[in-house]
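# A look at the structure
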Amino acid sequence: MVAINVQAVRAPFMIVFFGAAAASIGVLVVAVPDIQNGLPPLHAVGAVLSVLSWISTVAVNVPLNTRLGAASDRASAWDAFDRPWTRANHLRTFLSVAGAVVLLYPWPA
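In short, a report on the structure. Given the structure is predicted, the values throughout are model-derived calculations rather than measurements.

Reading guide: rules and limits
- Residues numbered from 1 in each chain as written.
- Predicted model: local features only at pLDDT ≥ 70, side-chain atom pairs only at ≥ 80, totals over all residues.
- Heavy atoms only, no water.
- Helix = DSSP H or I, 4+ residues; strand = E, 2+ residues; numbered from the N terminus.
- Expected span 1.5 Å × (residues − 1).
- Bend = angle between axes of the 7 residues up to and from the residue.
- Axes fitted to C-alpha atoms, helices over the stretch in contact; angles between N-to-C directions.
- Parallel < 35°, antiparallel > 145°, perpendicular 65-115°, else oblique.
- Left-handed = near helix turned anticlockwise from the far one by under 90°.
- Nonpolar A, V, L, I, M, F, W, Y, C, P; charged D, E, K, R; others polar.
- Buried < 20%, exposed > 50% of the residue type's maximum accessible area, 1.4 Å probe, protein only.
- Phe/Tyr/Trp six-rings, centres within 6.5 Å; stacked < 30°, edge-to-face > 60°.

With respect to the element layout, Asp79 can be found in helix α4 (residues 74-104). With eleven residues separating them in the primary sequence, Asp79 and Leu68 have C-alpha atoms 10.0 Å apart.

This part takes up helix α3 (residues 42-70). With 29 residues, α3 extends 41 Å from end C-alpha to end C-alpha; this agrees with the ideal 42 Å at 1.5 Å per step. The largest bend in α3 amounts to roughly 35° and is located at Thr57.

Below, the discussion takes up the packing of α3 against α4. α4 packs onto α3 with a crossing angle of 165° between their chain directions and a minimal axis gap of 8 Å. By the angle class used here, α3 and α4 are roughly antiparallel. The way α3 lies across α4 gives a crossing that is left-handed. When the residues that make up the contact of α3 with α4 are grouped by side-chain class, the tally is 20 nonpolar, twelve polar and two charged.

For Pro106, the position within the fold is in the segment after α4. Taking relative accessible area as the criterion, Pro106 reaches 66% and is therefore assigned exposed. Residues Pro106 and Ala70, 36 residues apart in the sequence, show an inter-C-alpha distance of 45 Å.

Bringing the packing of aromatic side chains into the picture now. For the structure on display, the rule yields six aromatic pairs. Relative to Phe18, the ring of Phe17 lies with its centre 5.3 Å away and its plane at 80°, an arrangement referred to as edge-to-face. For Phe17, a relative accessible area of 14% gives the class buried. Owing to a relative accessible area of 42%, Phe18 belongs among the partly exposed residues under this scheme. One aromatic cluster is present, formed by Phe13, Phe17, Phe18 and Trp54 through successive ring pairs.

Geometry only, nothing functional implied.
Following this line, the structure appears as structure tokens:
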């Protein structure tokens, strides 16, 4: 897991990671006038779900990854890492998939 965390912090991944969050925020900015004009907020919901997935990653998974990488006794640290990281990973997976489905579904205009 530590090796994966080291490899993840590279330009290609970081561009996609931060780019997806920026794109979702862009969708929100574009969707707000549509909502104000009476269109359903479905794309905004998808964008919010995607941003929440990003926030979950930054707020929970990354600090846990950092703590595991800094631990002197990784075997003991793994016990404290595994359950909360797995729960947070399931949450971000759900948020990411739900956000993508809502954003990509061809909702009628």
